[in-house]
Protein chains: 2
Amino acid sequence: MPDAADPAPMNAPSRRKFRREGEERRRQDLIEATLDCVAELGLQGATLRTIALRAGVTAGLIRHYFPGKEELLQEAYTALVGRMTEQAKAALVMEDASPRERLAAFITANLNPPIIDARVFSLWATFLGRASADPTLARAHREGYLGFRNEVEAVVAEVLAAEQRKLDAGQLRHHAIAINAIIDGLWIEGCLAGEMFSPGELAAIGIKAVEAELGLAPLEQFQEK
Amino acid sequence: MPDAADPAPMNAPSRRKFRREGEERRRQDLIEATLDCVAELGLQGATLRTIALRAGVTAGLIRHYFPGKEELLQEAYTALVGRMTEQAKAALVMEDASPRERLAAFITANLNPPIIDARVFSLWATFLGRASADPTLARAHREGYLGFRNEVEAVVAEVLAAEQRKLDAGQLRHHAIAINAIIDGLWIEGCLAGEMFSPGELAAIGIKAVEAELGLAPLEQFQEK
DNA sequence: TGGCTATTTATACACTTGCACAACAAGGCC
DNA sequence: GGCCTTGTTGTGCAAGTGTATAAATAGCCA
């Protein structure tokens, strides 16, 4: 029942002003707002009203663009995974660089900001925690992960080929799995406790570990002084 | 308003029977039920009523043992971290075994069930996703992590000492960080996609990677045939 | 300029949530 | 055995949830 002593009944309506945005833009904004909320407040805190507030719209609008909350979250996670793998792989597109240099650059990129990032880690962990119960999330992750590992495997193959070394597919796969684990593990440590490491320290550790894994002599530019 | 056509109004009360349990036992049960719910339903699905149902009590009882939901979740996470590190370190208490053997056994234990486990991973990820926003969770994690890494560092020191190799503290720390990352990364891969690896495969990959990191010649029993 | 339509707001609703509290009974103590 | 403590249940409540839907208005096209 409405309060009889309404403090501002001057001229009743006063509806909120708004602008119409393009569909793509709105969907993008809503997904971004969703990721913000999940990162800061967790899945429980990411309510439709909070997300809408963050996106600068009202809650009802969300249902105009997404069938329901679940679909919004799934699309947000898909967008996140896509951005993460894209960002990671971007470090590999170096023209005229030796395989060794590309591998080192790849590791360095993945173990420094902006890929080392507490917000992204929070999102990654939050969504992944639900993966075992939500096949859609599990698939989105699996695809991103395998894409990443295949990139690793391709660079490793190039590096070893440049060194005239021949490995069978199984050994190559094992190297890729191990290197992927090294990068993942260091990425987590960096995201969770970045202040425990000096700048570039994680990348240096990662490069040395990967070189050891592949049995490579250290490149001069990365050797200890 | 109560249904006028109540189907079972025979003799009104019919209160639920219950047993009094010891305080420690009840708290333990409630924490276990909480972990179950979080693992299967996520933090959002872990409601007081669901948790109570799982524990075989009614929701009101929880407030008898915990000030509120948040404290229950924190205690549950603390218990989880404690159990994880305890389990991991248990693999190190091998009397009369060489450092190399103990290191290998440590890696093997951490990369096989029951430490490789989808439920534990789900819990780990779910809680860690909130760590950046919840200092209590962050501290619980940090303590567990550093404890684990110190164990790694101690074994590594023993292994290298047995090989007559001397490293300064910085190099030792770097090795421990890298080895920790290898184990963490492979653990995640195993938990998320255990069926992609044959039994023992992850442990084999991990041991070889760690041996490479430390510059050790493979032990005979782990060499490829 | 004046409609038309689709985007956007606002309200309503059924349901769930965490928490408070009164009633109850299980089991030890005398 | 009867009582008394307190572990346990059941109910109630205000706040918040996702969803449905009606009402409004922004901006395009004629």
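Residues numbered from 1 in each chain as written. Chains lettered and ligands numbered in written order. Predicted model: local features only at pLDDT ≥ 70, side-chain atom pairs only at ≥ 80, totals over all residues. Heavy atoms only, no water.

A. Up close: the pattern of salt bridges. All names here are of chain A. With the rule as written, the count across this model stands at 30 salt bridges over all chains. Of the charged contacts, one joins Asp-29 and Arg-25 as a salt bridge, the two residues approaching to 3.1 Å between their closest N and O atoms. Of this pair, Asp-29 and Arg-25 both sit in helix α1 (residues 23-45), 4 residues apart, which is roughly one turn of the helix. One salt bridge connects Glu-151 with Lys-89, and the closest N-O pair in it is separated by 3.9 Å. Placement of the pair is Glu-151 in helix α7 (residues 135-162) and Lys-89 in helix α4 (residues 69-90), with a sequence separation of 62 residues. A residue is classified by how much of its surface remains accessible, and Glu-151, at 27% relative accessible area, is partly exposed. (Salt bridge = Lys/Arg side-chain N within 4 Å of Asp/Glu carboxyl O. Helix = DSSP H or I, 4+ residues; strand = E, 2+ residues; numbered from the N terminus. Buried < 20%, exposed > 50% of the residue type's maximum accessible area, 1.4 Å probe, protein only.)

B. Main features of the protein's contact with DNA strand C. Near DNA strand C lie 26 residues; those nearest to it are Arg-15, Arg-20 and Tyr-65 of chain A together with Arg-63 and Lys-69 of chain B. Within 4 Å of the protein, the atoms of DNA strand C are drawn from sugar and phosphate moieties in a proportion of 61%. For DNA strand C, a phosphate oxygen lies 2.8 Å from a polar atom in the backbone of Arg-16 of chain A. Here Tyr-65 of chain A contributes a side-chain N or O atom positioned 2.4 Å from a phosphate oxygen of DNA strand C. Of all the elements in the fold, those that place two or more residues in the surface near DNA strand C are α3 (62-65) of chain A together with α2 (48-55) of chain B. Residues belonging to the surface near DNA strand C are distributed by class as follows: 7 nonpolar, 5 polar and 14 charged. (Near = heavy atom within 4 Å. Polar contact = N/O pair within 3.5 Å; in protein donor to acceptor, adjacent residues only side chain to side chain. Nonpolar A, V, L, I, M, F, W, Y, C, P; charged D, E, K, R; others polar.)

C. Representation of unusual backbone geometry in the model. Residue and element names in this part refer to chain A. Following Pro-113, the chain continues into Pro-114 via a peptide bond in cis, with omega recorded as 5 degrees. Not every positive phi belongs to a glycine, and Asp-96 is a case in point at roughly 30 degrees. Its location among the elements puts Asp-96 in the loop between α4 and α5 (99-110). For Gln-164, which is not glycine, the phi torsion reads 65 degrees and is therefore positive.

D. Looking closely at α1 of chain A. Taking 1.5 Å as the rise per residue, α1 of chain A with 23 residues should run 33 Å; its terminal C-alpha atoms sit only 26 Å apart, a clear shortfall. Where α1 of chain A bends most, the angle comes to about 90 degrees, and this point is Ala-39 of chain A. (Expected span 1.5 Å × (residues − 1). Bend = angle between axes of the 7 residues up to and from the residue.)

E. Representation of the protein's contact with DNA strand D. Around DNA strand D sit 25 residues, and of these Arg-63 of chain A together with Arg-15, Arg-20, His-64 and Tyr-65 of chain B come closest. Among atoms of DNA strand D positioned within 4 Å of the protein, sugar and phosphate together represent 64%. Here Arg-26 of chain B contributes a side-chain N or O atom positioned 3.0 Å from a phosphate oxygen of DNA strand D. A distance of 2.6 Å is found between a phosphate oxygen of DNA strand D and a side-chain nitrogen or oxygen belonging to His-64 of chain B. Contributions of two or more residues to the surface near DNA strand D are made by α2 (48-55) of chain A together with α3 (62-65) of chain B. Classifying every residue of the surface near DNA strand D gives 6 nonpolar, 5 polar and 14 charged.

F. Here's a closer look at the interface of chain A and chain B. Contacts between chain A and chain B engage 48 residues on the former and 48 residues on the latter. For the pairing of chain A and chain B, the buried interface totals around 3,500 Å² over both sides, and the portion due to carbon and sulfur atoms is 57%. Where chain A touches chain B, the interface holds 4 salt bridges. Summed over the shared surface of chain A and chain B, the number is 18 residue pairs in polar contact (both at pLDDT 80 or more). When contributions to the side of chain A that touches chain B are tallied by element, the ones reaching two or more residues are α1, α6 (118-129), α7, α8 (169-192) and α9 (201-214) of chain A. With 14 residues, the top contributor of residues to the side of chain A that touches chain B is α8 of chain A. (Contact = heavy atoms within 4.5 Å. Buried area = accessible area lost by both parts, 1.4 Å probe.)

G. Local environment of the side chain of Glu-201 of chain A. With respect to the secondary-structure elements, Glu-201 of chain A resides in helix α9. At a separation of 2.8 Å, a polar atom in the side chain of Glu-201 of chain A contacts the side chain of His-174 of chain B. Apart from the residues within four sequence positions on either side, Glu-201 of chain A is in contact with Met-196 of chain A together with Arg-173 and His-174 of chain B.

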